[in-house]
Amino acid sequence: MELDGKRIVLGVTGGVAAYKAAHLLRLLTGAGARVQVVMTESATRFVTPVTFQALSGQPVFVDPWDARMANNMAHIDLSRAADAILVAPASANFLARVAQGLADDLLTALVLARDCPLLVAPAMNRQMWENPATRRNMATLAGDGVLCLGPAAGAQACGETGEGRMLEPEALLEALCAFFTPKVLAGRRVLLTAGPTFEPIDPVRGMTNRSSGRMGYAIAQAAARAGAAVALVSGPVALPAPPGVERIDVETALDMHREVMARAGAVDVFIGVAAVADYRPAQVAAQKLKKELGGPPVIELVHNPDILAEVAALPNAPFCVGFAAESEQLEVYAERKRQRKNIPLIVGNLIQDGFGGEANRIILFDAQGAHPLPVASKAQLARQLVEHLARLLEKR
Ligand code: C5P
């Protein structure tokens, strides 16, 4: 999992968004992190320590004079044991105290004594956020290397609307995962296709391929976490766009072709993950085909463009990665496809291993030969693919 083995101190300060910190804690532990919660006194007015204790399976610390640490040095012990401190929500008052270097409660003492990165997710009324004092404090914190996540704009608990909402727990989890990902694709522009295409026959019917889009979306996310600027041309799927990824929605292979060709000349990497329909109906009926009009209709098909092969044939072609989903003889067909499309890297998988599910088994084929990866989640495989890709780009 993304945060396997990571030790996180989750600081919770006094703001109404503290109720979302319980959900964030669930997401962090669900991603494999070991989380130690430390609360300020005012945070306990919003949510009790019992909630966080039950969710983290760890005692929650609030009081600097807590005698549970044998050496009475909770502020030192807790920060030494952490890979990162994430404070969410971070109130205006907490941020002001950290900016000043105060250590007047356990959480601020822990932050001052840290030797690990500090990430804060501010949450406050929009005018508190805009106040020159808060602006000054945030500038000080940025100068001190504190990473600020958010805030977002939108409706606030006070009834006002503006900037100051804490980022949603899902976005904070994503930011933390990205934070821990080595930036092996920093400065690279990556273009992907994902999902199926839909080729209309008439206004209600069409032809499509089976593709959940999960593998392509996982690769887009892994590339973004690794520091790339990512654009994802996506056929119709029921997936949210990964944070930080530019998503271009298309329906047909011709739409996908147009959107890809408009961008392919300006990217470093093109990854064709989409299950593009090889054919489309020669004509799209303007009206619904009626059953009453005799026997089954004969639909004439014409070839769709091969997007990957066209991108690979560009004079200034980006580094091209293709996919080969086969039902048999994967090694033979995938390598043959790699050579036919003239691309440096192809990802092969057996259809029965990967379709629709969370896990997959893939083999990478490049000029050096075949590199089988162990069965893993699509997210994990996407990470490994991105690392392999980064190594090949380095060698170019
Ligand atoms: O040609 P075939 O479908 O076997 O190859 C699969 C690879 O080619 C995938 O990477 C897929 O995204 C890409 N492809 C494409 N345009 C097509 C057909 C396939 O980009 N029309």
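The notes below deal with the structure included here. (Residues numbered from 1 in each chain as written. Predicted model: local features only at pLDDT ≥ 70, side-chain atom pairs only at ≥ 80, totals over all residues. Heavy atoms only, no water.)

### Comments concerning the pattern of salt bridges
Here is the rule we go by: Salt bridge, as applied in this entry: a Lys or Arg side-chain nitrogen positioned within 4 Å of an Asp or Glu carboxyl oxygen. A run of DSSP states H or I qualifies as a helix once it reaches four residues; a run of E qualifies as a strand once it reaches two. Both are numbered from the N-terminal end. For every residue, the accessible area (1.4 Å probe, protein chains only) is compared with the maximum for its type, and the residue is labelled buried under 20%, exposed over 50%, or partly exposed between those bounds.
In the structure shown here, the tally under the stated rule is 20 salt bridges. Among the salt bridges present, the one from lysine 341 reaches aspartate 306, with a minimum N-O distance of 2.8 Å. Here aspartate 306 lies in the loop between strand 15 (301-303) and helix 11 (307-312) and lysine 341 lies in the loop between helix 12 (330-340) and strand 17 (345-350), a separation of 35 residues in the sequence. Given the relative accessible area of 16%, lysine 341 is considered buried. Residue aspartate 306 is classed as partly exposed on the basis of its relative accessible area of 32%. We note a salt bridge from arginine 338 to glutamate 335, for which the minimum N-O separation is 3.1 Å. Of this pair, arginine 338 and glutamate 335 both sit in helix 12, three residues apart, which is roughly one turn of that helix. Among the residues examined, glutamate 335 registers a relative accessible area of 21% and is labelled partly exposed.

### Side note on the sheet that holds strand 3 (residues 84-90)
What counts, and what does not: Pairing between strands is defined by DSSP: at least two bridges between them are needed. Should any heavy atoms of two residues lie within 4.5 Å, those residues are counted as being in contact. In this analysis an axis means a line fitted to C-alpha atoms, helices contributing only their contacting stretch, and an angle means the value between N-to-C directions, from 0 to 180 degrees.
On the basis of which strands lie adjacent, the open sheet formed by five strands has the order 2-1-3-4-5 and parallel pairing. Two strands lie at the open edges of the sheet, namely strand 2 (34-39) and strand 5 (147-148), each paired on one side alone. As paired strands, strand 4 (residues 118-122) and strand 5 are joined by two bridges and run parallel to one another. The partner of valine 120 across the bridge, within strand 5, is cysteine 148. Along the sheet, helix 2 (residues 49-56) makes contact with strand 1 (7-12) and strand 2, crossing strand 2 at roughly 170 degrees.

### Overview of unusual backbone geometry
Proline 89 follows alanine 88 through a cis peptide bond whose omega is 0 degrees. Relative to the elements of secondary structure, proline 89 occurs in strand 3. That bond from glycine 150 to proline 151 is cis: its omega, 5 degrees, falls within 30 degrees of zero. Secondary-structure assignment places proline 151 in the loop between strand 5 and strand 6 (152-155). Phi at asparagine 342 is positive, roughly 55 degrees, even though this residue is not glycine. Asparagine 342 sits in the exposed class, given a relative accessible area of 60%.

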